[in-house]
Amino acid sequence: MPATSAGMTIAGTMFFILAKILGFFSMPSNVLMALGLVGVALTASRFARAGRRIAGTALILLGVAGWSPFGNAIILPLEERFPAWDAARGAPAGIISLGGALDTVVSPVRGEVALNEAAERMTAIAELARRFPDARIVFSGGSGRIIFDGVSEASLAARLFASFGIAKERIALEDKSRDTDENGRFTKELVQPKMGERWLLVTSAHHMPRAVWVFRAAGFPVEAFPVDYRTRGAIDLLRPFATLGDGLRRTDTAMREWVGLLIYRMVGRTDELFPAP
């Protein structure tokens, strides 16, 4: 392996691991629970008063993050950043679906392709492939786990696309990427898009700003096809959550994306904090 290639691989691996660690701490539910446990532990020490305050504050903030509309308020700008795709310009040359919707842990054990709450990233392909029969279908996604468990999302996507009735010769699989940055770079290497071709990028609406800009940075301009909306729009800015778990999941999802945008900007993966159409 050339020295420059090896250096890029090592740097990419370090960035991936660092991003995973920061991703864990970007989730308010993790941070607040850890803070609360620290507070509880301190109550058994000479810092008991401070411990009670810390634990109480963490508990209140958990309630705000879980029950209030806070999660909707911070995910809505992400979802609204790119409008729904306009088909008026005609059929695309290809359609790219990003990973993140396939469960690589449950699927091999249960013997079927298991989808998570981002399932629309995959199911939208069935309709798009039917509407545009000449478009190439590309899936980009290896494994987002620090310790690879031997099953890539791409291998599961191949099975799912086959069940949709998509001809094998239309499908291209990119199975090495571990994060959004690698999605963009590795997909371009695989696809080798020609000048003037139009490609759709299918991913969750809240993930679209970071995803589109990564592809642009890789020299692969794409058109956004957002799916997997978590909100109905501005009306949800006043809607509290019925369960703590639902609200915390929404807050974690949005905050992880905002932190991802910030990290990508800080390390130069994008040249603007909040990419626009």
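Given the structure is predicted, the values throughout are model-derived calculations rather than measurements.

Colleague: Looking at this structure, how should I read the pattern of salt bridges?
Modeller: Side-chain pairs of opposite charge can arise where the charged atoms are in close proximity. Under the defined criterion, the tally for this structure stands at 13 salt bridges. In this structure, R210 engages E257 in a salt bridge whose closest nitrogen and oxygen atoms are separated by 2.8 Å. Residue R210 is found in helix α9 (residues 208–217), and its partner E257 is found in helix α10 (residues 244–266); the two are separated by 47 residues along the sequence. The pair R210 / E257 is uniform in exposure class, with both members buried. D236 is paired through a salt bridge with R232; the nearest N and O atoms lie 2.6 Å apart. Overall, the relative accessible area of 1% leaves D236 in the buried class. Where salt bridges share partners, they join E117, D228, R230, D246 and R249 into one cluster.

Colleague: Explain the packing of aromatic side chains to me, please; I cannot follow it from the model alone.
Modeller: Two measures describe an aromatic ring pair: the distance that separates the ring centres and the angle between the ring planes. In the structure shown here, the tally under the stated rule is 7 aromatic pairs. Here the aromatic rings of F139 and F161 are separated by 6.4 Å at their centres, their planes lie at 75°, and the arrangement is edge-to-face. With F139 in strand β2 (residues 136–140) and F161 in helix α7 (residues 153–163), the pair connects residues that are 22 residues apart, well separated along the chain. When its relative accessible area of 0% is taken as the criterion, F161 is described as buried. Their ring planes at 40° and their centres at 6.1 Å tell us that F161 and F164 sit as a pair that is tilted. Among the aromatic residues, those joined into a ring-pair cluster are W85, F132 and F225. Between the NZ or CZ atom of R81 and the centre of the ring of F274, over which it lies, the distance is 4.0 Å.

Calculation rules
Here the residue numbering is sequential within each chain, running from 1 through the sequence in written order. At least 70 in pLDDT is required for a residue's local features to be given in this predicted model, at least 80 for side-chain atom pairs to be given and counted, and no such filter applies to totals for whole chains, interfaces and linings, which use all residues. Water and hydrogen atoms play no part in the side-chain values, which are based on all heavy atoms of the structure. Put simply, a salt bridge is a Lys or Arg side-chain nitrogen that is within 4 Å of an Asp or Glu carboxyl oxygen. Runs of E in the DSSP output that reach at least two residues are strands. Runs of H or I that reach at least four are helices, and both are numbered from the N terminus. With a 1.4 Å probe rolled over the protein chains alone, any residue whose accessible area is under 20% of its type maximum counts as buried; one over 50% counts as exposed, and the rest are partly exposed. Aromatic contacts are taken between Phe, Tyr and Trp rings whose centres are within 6.5 Å, Trp giving its six-membered ring; a plane angle under 30 degrees counts as stacked, one over 60 as edge-to-face, and the others as tilted. Working rule: Lys NZ or Arg CZ, within 6 Å of ring centre, within 35 degrees of ring normal, means a charge sits over the ring.

So, to be careful, I would describe these as geometric facts and stop short of saying anything about function.
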